[in-house]
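Chain residues, written in single-letter form:
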Amino acid sequence: MSYTELYISSDPNISFNVKGKKASLRIVGVPFDYTSCFRPGSRFAPNSIRTAFQNIEIFSHRLGVDMENSTIEDLGNIRQTANIEQMIESVAKVTGELVNDKIPIAILGGEHSITYGSFGIFLDSKSAKNSTGLVIFDAHLDLRKEFSGLELSHATFLRQLIERRGLNALDVFHIGTRAASSEEWKLAKQLGINILAAHQAHDVARGSEQLREFAEKHEQIYVSIDLDGMDPAFVPAVGTPEPFGLTPEEVLNYIYALRGAKIPVFDIVELAVPYDNGTTAAVAAKLLNETACLASLREDRKAL
Ligand SMILES: [Mn+2]
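Presented here is an overview of the structure given in this document. (Residues numbered from 1 in each chain as written. Predicted model: local features only at pLDDT ≥ 70, side-chain atom pairs only at ≥ 80, totals over all residues. Heavy atoms only, no water.)

Ranked by internal contacts, the top residues of the largest apolar core, which has 56 residues, are Ile175, Leu227, Ile268, Leu287 and Leu288. It is helix α10 (residues 279–296) that contributes the most residues to this core, 10 residues altogether. Listed in part, the 36 residues of the second largest apolar core include Val30, Ile114, Val172 and Leu187. (Core = buried A, V, L, I, M, F, W, Y, C linked by side-chain atoms within 4.5 Å. Buried < 20%, exposed > 50% of the residue type's maximum accessible area, 1.4 Å probe, protein only. Helix = DSSP H or I, 4+ residues; strand = E, 2+ residues; numbered from the N terminus.)

Below you can see the structure in the form of structure tokens.
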């Protein structure tokens, strides 16, 4: 190692190279929050989560995986744009390219509309269709036809994935649900989306059983963590806080319930940095680490 490598920090980039070890995680930030309807600021979240990541323990005691012994490739952030179509195109192209390398990818939002691009790649090829399950932690259903004059936004992305991209609603498992219009609830039921509403999700043992059954029906699982799925008492700095949510511990236990599943891509979205005293970023960083550790447990990543 040269002195330059030893003494110069590329903070907040969190790349970490363990000699001779192939990367077990790739990180891509998406600094986009232009359709946020209430509290903007998630465009600053990728770097905020990186900073928090540098200050948490990354040995996962419960999984027995040490990220200190893993090579992490932090690829930086997607170039900034205010145009949602352009952002979605960049996210889809980058994710589509990286996923071929069979290294788990963490996408750090940004707002929830980015999932339209990053999950959308699994709907592109006919053979892959319906083999990827979408597990979403979120207070909101995001099933509106349009919101604030926009058809594609962080409040409509799931509806648009279903209507424009042909996502089968049966391939969606939604956890922590508690904030949706009566039309959205009706539509979710009619389409057959699997829902563990927040008040039901507190029974983690029962919910985990259902989640595992869902995961077993799919070849792989995309995990989308909208931080507002958790209660604002624990995770206050989100774009649209909604009370009576899950605890961080409950979300963690649901993620652990996916042990054994292939997780090629996951995202963490909606951290509104201007409202954060560091608590929300710390929870996001911890979930980043634990989900990455879980994804790395799959030894047959070649099959992804
Ligand atoms: Mn939400």
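The next thing to look at is the pairing of strand β8 (residues 194–197). Of the strand pairs in this sheet, strand β7 (residues 172–177) and β8 are connected by 4 bridges, and their pairing is parallel. What sits directly across from histidine 174, in β8, is isoleucine 195. In this region the chain leaves β7, passes through helix α6 (residues 182–191) and returns to the parallel neighbour β8; the handedness of that crossover is right-handed. (Pairing = 2+ DSSP bridges. Right-handed = clockwise from strand over helix to strand, strands pointing away.)

Another point: the packing of helix α9 (residues 248–256) against α10. Remark: α9 packs on α10, axes separated minimally by 10 Å, with the N-to-C direction vectors making an angle of 15 degrees. Considered as vectors, α9 and α10 are oriented roughly parallel to each other. For the pair α9 and α10, the crossing hand works out as right-handed. The segment α9 lies against α10, with Pro248, Val251, Leu252, Ile255 and Tyr256 engaging Val283, Leu287, Glu290, Thr291 and Leu294. Of the residues belonging to the contact of α9 with α10, the class tally is 8 nonpolar, 1 polar and 1 charged. (Axes fitted to C-alpha atoms, helices over the stretch in contact; angles between N-to-C directions. Parallel < 35°, antiparallel > 145°, perpendicular 65-115°, else oblique. Left-handed = near helix turned anticlockwise from the far one by under 90°. Contact = heavy atoms within 4.5 Å. Nonpolar A, V, L, I, M, F, W, Y, C, P; charged D, E, K, R; others polar.)

Turning our attention to the coordination of the manganese ion. Coordination of the manganese ion by the protein involves Asp138 (OD), His140 (ND1), Asp226 (OD), Asp228 (OD) and Asp228 (OD), with metal-donor separations of 2.1 to 2.6 Å. Along the chain, the residues donating to the manganese ion are arranged with the sequence spacing D-x1-H-x85-D-x1-D. With a gap of 90 residues between them, aspartate 138 in the loop between β6 (132–137) and α5 (157–165) and aspartate 228 in the loop between β9 (220–226) and α9 connect regions that are remote in the sequence. Assessed through its relative accessible area of 0%, aspartate 138 is described here as buried. With relative accessibility at 1%, the residue aspartate 228 sits in the buried group. (Donors = N, O, S within 2.8 Å, 3.2 Å for Na, K, Ca; no water.)

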